[in-house]
Amino acid sequence: MQRLLFLPLKAVMGSPCLRLLIPGAAPRTQCGCSCGIRRPLRPGQYSTISEVALQPGRGTVSHPSKAAERVVGRWLLVCSGTVAGAVILGGVTRLTESGLSMVDWHLIKGMKPPTSQEEWEAEFQKYQQFPEFKILNHDMTLAEFKFIWYMEYSHRMWGRLVGLAYILPAAYFWRKGWLTHGLKGRVLALCGLVCFQGLLGWYMVKSGLAEKPDSHDIPRVSQYRLAAHLGSALVLYCASLWTSFSLLLPQHKLPETRQLLRLRRFAHGTAGLVFLTALSGAFVAGLDAGLVYNSFPKMGESWIPEDLFTFSPLLRNVFENPTTVQFDHRILGITSVAAITALYFLSRRIPLPRRTKIAAVTLLALAYTQVGLGISTLLMYVPTPLAATHQSGSLAVLSAALWLMSELRRVPK
């Protein structure tokens, strides 16, 4: 029985045509169907089993090369940059009070701006039906409307660009087999978060378009929805940047000492504190809380203002009282800088690689720069250029914190 099985197998394995697929065993002459001269392979042809195995979906599971991982890492780095641009542009849109100028949302139809005088007048008439024009901008001209409309339009178009920057390359890399099994899950989550971010942005805008007859406040979007919109953007930014760091930056083989473990935990906690501070800025922007007390370090004439807990129930003050919101943002900012300073001096006590030391110094420098920008923005009554720079600084500090976390990450055994 064994002879009956192995003799045909031996005959097949010894055939010239099959030996073409075996590495290092290609014969000098081709099989009977060729003329004996080796011709260059056409695209899609494979000369060895190893080349077939590298193709996605052919036989064995493919493992992306280091070069492919670097390409994916650079792509995610670019994606995180586009998200940062969207956050900054969204902040400028909020500072110029342009976010409610486009009163409808269409994924494809909304990409074409008005081109004629009739189209602009029709767009302006739609805007006039909503509370912001009736209460705040009732004397606005068409030229002024065009400015705020283009600000919001730029933000929305940039958001679509972010979506394309994620989804199209992701599909290409998936098809090429350049994504590992774990990376496929991350990329799917990132693409899903991009789509969710667009829907959340429109959900936020709708809160500012609704009629509120019982409210005497100026029309604005809900600070809760604004914080959710910013928070999801920050999560998308951090996840993209962290994944790109993990693919692009080689890990350090640091000795797992108690001091290093403490430093790593402290770095994670500090990054979380920076994230929370940046998120609290959404409540400041949503309530225009930066215009309440424009003095530092005191708030007016006292360290703790009298109207800190005027709302009832007490918890409402944390999210709806402009004084409390500004006070909380100050405390979080000061605490973040103190934590970053402690993290820097703690890192000085441990022998670390040069790149890790640079990350710690960069984080410290950016944190104190951000404090200076925040105080200047407050004292100068929130000018748009300075406030936009302050918002950009929060992303820079968050990036440096993630960089340091990446430098200190544990090497898998």
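This report concerns the structure included in the present document. Each residue is numbered by its place in its chain's sequence as written, counting from 1. In keeping with the predicted nature of the model, local features appear solely for residues at pLDDT of at least 70, side-chain atom pairs appear and are counted solely at 80 or more, and the whole-chain, interface and lining totals rest on all residues. Each side-chain value is derived from all of the structure's non-hydrogen atoms; neither hydrogens nor water enter the calculation.

On to unusual backbone geometry. Residue Pro 297 is reached from Phe 296 by a cis peptide bond, and omega for that bond is 5°. Strands are runs of DSSP state E lasting at least 2 residues, helices are runs of H or I lasting at least 4, and numbering of each runs from the N terminus. Examined against the element boundaries, Pro 297 turns out to sit in the loop between helix 10 (258-286) and helix 11 (316-320). Cis geometry marks the peptide bond from Ser 312 to Pro 313, where omega comes out at 0°. Relative to the helices and strands, Pro 313 resides in the loop between helix 10 and helix 11. Even without a glycine there, the phi angle at Asp 288 is positive, about 50°. Since its relative accessible area comes to 23%, Asp 288 is described here as partly exposed. The backbone phi angle of Tyr 381 is positive, close to 60°, even though this residue is not glycine. By the secondary structure assignment, Tyr 381 is in the loop between helix 13 (354-379) and helix 14 (384-407). Working definition: with a 1.4 Å probe on protein chains only, accessible area under 20% of the residue-type maximum means buried, over 50% means exposed, and in between means partly exposed. Assessed through its relative accessible area of 56%, Tyr 381 is described here as exposed.

Here we come to the nonpolar core. Grouping buried Ala, Val, Leu, Ile, Met, Phe, Trp, Tyr and Cys residues that are joined through side-chain atoms within 4.5 Å yields what is termed a nonpolar core. Judged by nonpolar contacts, the single largest core of 83 residues is most densely connected at Val 72, Trp 75, Tyr 127, Phe 145, Tyr 166, Leu 363 and Leu 408. Beyond its immediate chain neighbours, meaning those up to four positions away, Leu 363 contacts Ile 340, Leu 343, Val 397, Ala 400, Ala 401 and Leu 404. Residues count as neighbours in contact if any of their non-hydrogen atoms are within 4.5 Å of one another.

Now for the pattern of salt bridges. Think of a salt bridge as a Lys or Arg side-chain nitrogen and an Asp or Glu carboxyl oxygen that are within 4 Å of each other. Tallied over the entire structure, the rule returns 12 salt bridges. The shortest N-O distance in the salt bridge between Lys 134 and Glu 211 comes to 3.5 Å. In this pair, Lys 134 is assigned in helix 6 (residues 131-136) and Glu 211 in the loop between helix 8 (181-209) and helix 9 (223-248), connecting sequence segments 77 residues apart. Residue classification places Lys 134 among the partly exposed residues on the basis of a relative accessible area of 45%. Between Arg 156 and Glu 152 there is a salt bridge, with its nearest N and O atoms 2.8 Å apart. On the criterion of helical spacing, the pair formed by Arg 156 and Glu 152 is a turn pair, its members being four residues apart in helix 7 (residues 142-176). Take Arg 156 and Glu 152: they sit in the same class, and that class is buried. The network of salt bridges with shared partners includes Arg 94, Arg 220 and Asp 288.

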